[in-house]
2 protein chains.
Amino acid sequence: MVDNGSVGIVETKHWRFAEPPNTLELRSGAMIGPVDVAYETYGELSPERDNAVLICHALSGDAHVAGRHGPDERKGGWWDVMVGPGKGIDTDRYFVICSNCIGGCKGSTGPSSTNPKTGRPYALDFPMVTIQDMVRVQHALVTEHLGLERLLCVTGGSMGGMQVLQWAIDYPEMVVSAVPIASCARLSAQGIAFDEVGRQAIYSDPSWNDGDYYGGEPPKRGLAVARMIGHITYLSDSSMRAKFGRNLQDREEVGYDFGPPDFQVESYLRYKGGSFVERFDANSYLYITKAMDYFDLRADYGSLINAFRNVQSRFLVVSYSGDWLFPTYQSKELVRALQANGVVTTFCELESEYGHDAFLLQDEQLSQAIREFLRHTHNVVRRTDPSEE
Amino acid sequence: MVDNGSVGIVETKHWRFAEPPNTLELRSGAMIGPVDVAYETYGELSPERDNAVLICHALSGDAHVAGRHGPDERKGGWWDVMVGPGKGIDTDRYFVICSNCIGGCKGSTGPSSTNPKTGRPYALDFPMVTIQDMVRVQHALVTEHLGLERLLCVTGGSMGGMQVLQWAIDYPEMVVSAVPIASCARLSAQGIAFDEVGRQAIYSDPSWNDGDYYGGEPPKRGLAVARMIGHITYLSDSSMRAKFGRNLQDREEVGYDFGPPDFQVESYLRYKGGSFVERFDANSYLYITKAMDYFDLRADYGSLINAFRNVQSRFLVVSYSGDWLFPTYQSKELVRALQANGVVTTFCELESEYGHDAFLLQDEQLSQAIREFLRHTHNVVRRTDPSEE
C-alpha cells in the first residue's frame, strides 16, 4: 500500500560507532561511546554518488522524515509534504538521509540510553551535546557508514537549520549546497527565555526527580507545559486567530469554572501537550533545548563573517514573514555574512500567516524553491564533475 | 521623607460592602458578600468634585499606585512614574483613586479571603469574576463610599484598559473621559493560549491541590513558571536583545550543565518568577487570567460598534509599537468602533522598543499625552459645568 507521492513503507535503521575502546569526544570535552545512530534513507544513490541530500531535524523531530513505518501508521514522517516522488525533495532524483540527533530519544544515543558504565539509563550523567556534536555524529554516519564523500545538499528548518550552517562550516569540502530554513546563527534572548521556561516547567515536576525517573513515572505534566509553551511560539498571532479565534470548545457559553477548556485554543494546547509526552523524553527535551541555546556562531568564530570564511557551499536561505521565533532579520544576518565571503547565496522570505512551523506545512512556495535550487545545483555538479568531462 | 515628585507616604484603605443580608450578584449569577475593597487615594477632591481620576490595575497590580507605604519601602507604587505632583497624572490637580480588583490578593476579596459560609479560605469555591464584576465593585466604591457622581477620567493599561472600556459602557454618564492603554476589546487566541499555559503550570504543581493549599505550602513552582511565561510576553524580542542579549551570567563560558543559569536572561526570569510567588496568590492568578480570557465586548454586545453605542466619554486610546501581546491593531479596532459612534477619540501609537509593559516604564511620551488630555478634558468640564456658568 503505497500512498500517492509517498516513499511508501520505510524503516528506521541503526548504526553503532565509537565502540570501546573508541569513544567520541564531544565539544564539552566529555567522552562518550558507544554511540547509536537511528537513520532512514529514501531513494537511490546515483552511480556518480552525487545526489545525496541530508535532512537535519528540529527539536522534536526524528529520523522518520517521510513515508510510513507500516500501513497502520496514521501520520507519515514529519516532512512527508516535502520528501517523496515528485515532491520538493524528489526521491526519484535524490538519495535522502536523515538521522535522529545525539541527545534525542528516537533511537540515537541520548539521556534515556543505557550508560555502559552503570548498566542504567544515563539520565543527567549524559554529557551535554551541542549542535556541532550532532553534526559530527551525522558526519560519521554519512562518511564511515554510508561511504559518501559529498552531499549534494544539507537542509533543515529551525534547529535543523543550525546544523546546516555547522555542516557548511565544519565540512566545507563535503557540502555542495546548504538550505537553512527558518534558522539563525544564534538563538535570541527571547528564544533562550522560552527554552528556559520550558525547562523550568520540567524541573518543577516532582516526577522529574533530577532526571532520574526512568523505570518510574516520567515528568509528564512538566513536559506537557513545556510543549504547550513551545507550540505557541511555533504558531503566530494571525494563524491562531484564523485557526481558533475565540471559538468555544463544545459549549455555547463559557463555563465560569476551571474544568473543561472554555476555548478551542485551550483544548488544542492541552491535546498537543498531552500527546507529546507519550512520544518524547523529558530529559532529551532539556538536552536539545540547551544545545539550541548554546549555538552561537558569532561567539565561536569571533564574527559571523569569520564563521563562514571557509564555506564552499552554495546557499539558499529561507525565512517566513510570520515567524517571530526565528524572525527574518536573523536569516538576513546569515545572508549578509555569507555574501561578505563571496558565497553564492539566494535569499527567500516566504510570505506566510503561519509562524515558525510554516516550513512543516504543505507549501508549494517552499517545495518549488527547494526543487529548483536542488535541480540547478545538481546540474552544476554534473557539469563540473571531472568524471563527466 | 517625601521623594521629589512623589505623593509621599501613603496607606491602603479598606471598605466593606454587600454585607449580609445584602450580597453582590456577579455576572456568572453567583452571589457574594461581604466584599472588601482595598484602595488608595492621592491628591484632593476639588470643591466642584470634578477632578477624580480612577486608575485600574493590570493582572499583577494592586491599589498601591504611587508613593511608598513607609520610608523603608524600596520600590514605590506600580505606576509611580505616572502619578504624583507634576507628573502625567498630577496629584496637585487631580484626586486619584485605585482599588485592588475583586478576585485579587492585595486586600480585596478573592479566593484567599475567608468564605463566611465555612470560615475557611474560599479557594476554588470563590465564584468566577469578570472584568464587568471588577468594574461593578469599583463603581460601588466610587459612588457609595467616596460619594462621587462623575469621574474626570478612568484609565489603565492592559487588563486595566479592559476595565476602562467596561466603565465607559456600563456607566456612560459617569465617565467624562477614558484612557485605555495597551488594551483590547477581547483577548486574542494567542493571549488566551499564554494564559492557559500559565494556568496549566499552576495546576501541575502538586502543592496546588485543586486550589486548597491555604495554611500549607503554596504552589510556588507552578506560579513561578506562569509568571516567567507572562514576563516574556510583557517584554519584546528587541528589548530582551538590548537588555540581555546572549550575555552570560557570572561566568566566562557556558557551563554544559543544568545547574546555575548560563545566560543573564535565564537568571532574570528565575529571579522574577521567584520574587512573584512571595507576593502573589496562585489562585488569584487563575481567577484574574480567566477574567481576561472571558472579556469579549464583541460577543457581549453583538458587535464592537454596538458595545460603544451609549458611550458619552471622550477617549484617548494608546498603544505601543513594540507590544505584541496587545498589538496596535487591537487598539485601532477600538478607535474605529468608537469613531463609528461619533465618540471624540484621539489615538496615539507610541514608538517603543519595549513590549506590552512599556506603559509601566518612565516614558515622557505617555506622561505628556495623558497630562495634556486630562488638562484639556478638565477645561472642557469646567467650561460646560452648569455650576460655573
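Starting from 1, residues in each chain are numbered consecutively following that chain's sequence as written. Written order determines the labels here, with chains lettered from A and ligands numbered from 1. Local features in this predicted model are restricted to residues whose pLDDT is 70 or higher, and side-chain atom pairs enter the listing and the counts only when it is 80 or higher, whereas totals over whole chains, interfaces and linings include all residues. Processing note: side-chain calculations cover all non-hydrogen atoms of the structure and skip hydrogens and water entirely.

Remarks on the side chain of Ser183 of chain B
All names here are of chain B.
Then, number 1: Numbering of helices and strands runs from the N terminus; a helix is a DSSP stretch of H or I covering at least four residues, while a strand is a stretch of E covering at least two. Locating Ser183 in the fold gives a position in the loop between strand 12 (177–181) and helix 3 (189–203).
Then, number 2: In protein, a polar contact requires one atom able to donate a hydrogen and another able to accept it; more generally it is a pair of N or O atoms within 3.5 Å, and residues adjacent in sequence count only if both atoms are side-chain atoms. One polar contact links the side chain of Ser183 to the main-chain amide nitrogen of Met162, over a distance of 3.2 Å.
Then, number 3: In contact with Ser183, not counting residues within four places along its chain, are Ser158, Gly161, Met162, Leu165, Phe326, Gln330 and Ser331. The contact criterion used is simple: two residues touch if any of their non-hydrogen atoms lie within 4.5 Å.

Thoughts on the pattern of salt bridges
Then, number 1: One speaks of a salt bridge when a side-chain nitrogen belonging to Lys or Arg is within 4 Å of a carboxyl oxygen belonging to Asp or Glu. Applying the stated criterion across every chain yields a total of 40 salt bridges over all chains.
Then, number 2: Measuring nitrogen to oxygen at the nearest pair gives 2.6 Å for the salt bridge that ties Arg199 of chain A to Glu266 of chain B. Of this pair, Arg199 of chain A sits in helix 3 (residues 189–204) while Glu266 of chain B sits in helix 6 (residues 264–279), which puts the two residues in different chains.
Then, number 3: Residue exposure (1.4 Å probe, protein chains only): buried if accessible area is under 20% of the type maximum, exposed if over 50%, otherwise partly exposed. Note on Arg199 of chain A: relative accessible area 0%, which makes it buried.
Then, number 4: Here Asp62 of chain B makes a salt bridge to Lys106 of chain B, at a shortest N to O gap of 3.8 Å.

Overview of the interface of chain A and chain B
Then, number 1: The interface is formed by 54 residues belonging to chain A together with 54 residues belonging to chain B.
Then, number 2: A combined buried area of about 4,800 Å² lies between chain A and chain B, and 66% of that area is made up of carbon and sulfur atoms.
Then, number 3: The largest share of the area that chain A buries against chain B comes from Arg246, Tyr256 and Phe258 of chain A, three residues that together contribute 19% of it.
Then, number 4: The tally of links from chain A across to chain B stands at 10 salt bridges.
Then, number 5: The tally of links from chain A across to chain B stands at 26 residue pairs in polar contact (both at pLDDT 80 or more).
Then, number 6: Contributions of two or more residues to the side of chain A that touches chain B are made by helix 3, helix 4 (220–234), helix 5 (237–243), helix 6 (264–276) and helix 7 (282–294) of chain A. Once two parts are joined, some of their accessible surface, as seen by a 1.4 Å probe, is lost; buried area is that loss totalled over both.

Quick notes on the domain arrangement of chain A
For an interface, size is often stated in terms of accessible area lost upon the parts coming together.
Residue and element names in this part refer to chain A.
Then, number 1: Domain assignment breaks chain A into domain 1 (13–186 + 299–388) and domain 2 (195–286).
Then, number 2: Of note, the centres of domain 1 and domain 2, computed from C-alpha atoms alone, are 27 Å apart.
Then, number 3: Each side of the interface is counted separately: domain 1 has 21 residues, and domain 2 has 21 residues.
Then, number 4: Both faces combined, the contact of domain 1 with domain 2 buries some 1,800 Å², and carbon together with sulfur accounts for 60% of it.
Then, number 5: At the surface where domain 1 touches domain 2, the tally comes to one salt bridge.
Then, number 6: The closest approach of N and O atoms between Asp212 and Arg120, which form a salt bridge, is 3.5 Å.
Then, number 7: Put simply, domain 1 and domain 2 have 10 residue pairs in polar contact (both at pLDDT 80 or more) between them.
Then, number 8: When grouped by side-chain class, the residues that make up the side of domain 1 that touches domain 2 number nine nonpolar, seven polar and five charged. These domain limits were set by an automatic method or by a database of domain assignments. Just so you know the grouping, Ala, Val, Leu, Ile, Met, Phe, Trp, Tyr, Cys and Pro go in nonpolar, Asp, Glu, Lys and Arg go in charged, and all remaining residues, Gly too, go in polar.

Side note on the relation of the copies chain A and chain B
Then, number 1: By a simple turn and slide, chain A fits onto chain B: the slide is 0.0 Å along the axis, the RMSD is 0.0 Å, and the turn is 180 degrees. The symmetry that links the two subunits is that of a two-fold axis.
Then, number 2: The overlap is high: 100% of the interface residues of chain A also sit at the interface in chain B, so the same surface is used on both sides. The least-squares superposition of copies is restricted to C-alpha atoms, and to residues with a pLDDT of at least 70 in both copies.

Things to note about the packing of helix 1 (residues 131–145) of chain A against helix 2 (residues 159–170) of chain A
Residue and element names in this part refer to chain A.
Then, number 1: Put simply, helix 1 and helix 2 touch, their axes get as near as 9 Å, and they point 70 degrees apart. Overall, the two elements helix 1 and helix 2 adopt an arrangement that is roughly perpendicular. Taken as a pair, helix 1 and helix 2 cross one another with a handedness that is right-handed. Residues Ile131, Gln132, Met134, Val135, Gln138 and His139 of helix 1 form the contact with helix 2, whose own contacting residues are Met159, Met162, Gln163, Gln166, Trp167 and Asp170.
Then, number 2: Of the residues belonging to the contact of helix 1 with helix 2, the class tally is six nonpolar, five polar and one charged. Here, axes are lines fitted to C-alpha atoms. For helices the fit covers the stretch in contact, and angles between N-to-C directions go from 0 to 180 degrees. Should an angle fall under 35 degrees it is called roughly parallel, over 145 degrees roughly antiparallel, and 65 to 115 degrees roughly perpendicular, with every other angle called oblique. It is the rotation of the near helix from the far one that decides the hand of a crossing: anticlockwise by less than a right angle makes it left-handed, clockwise makes it right-handed.

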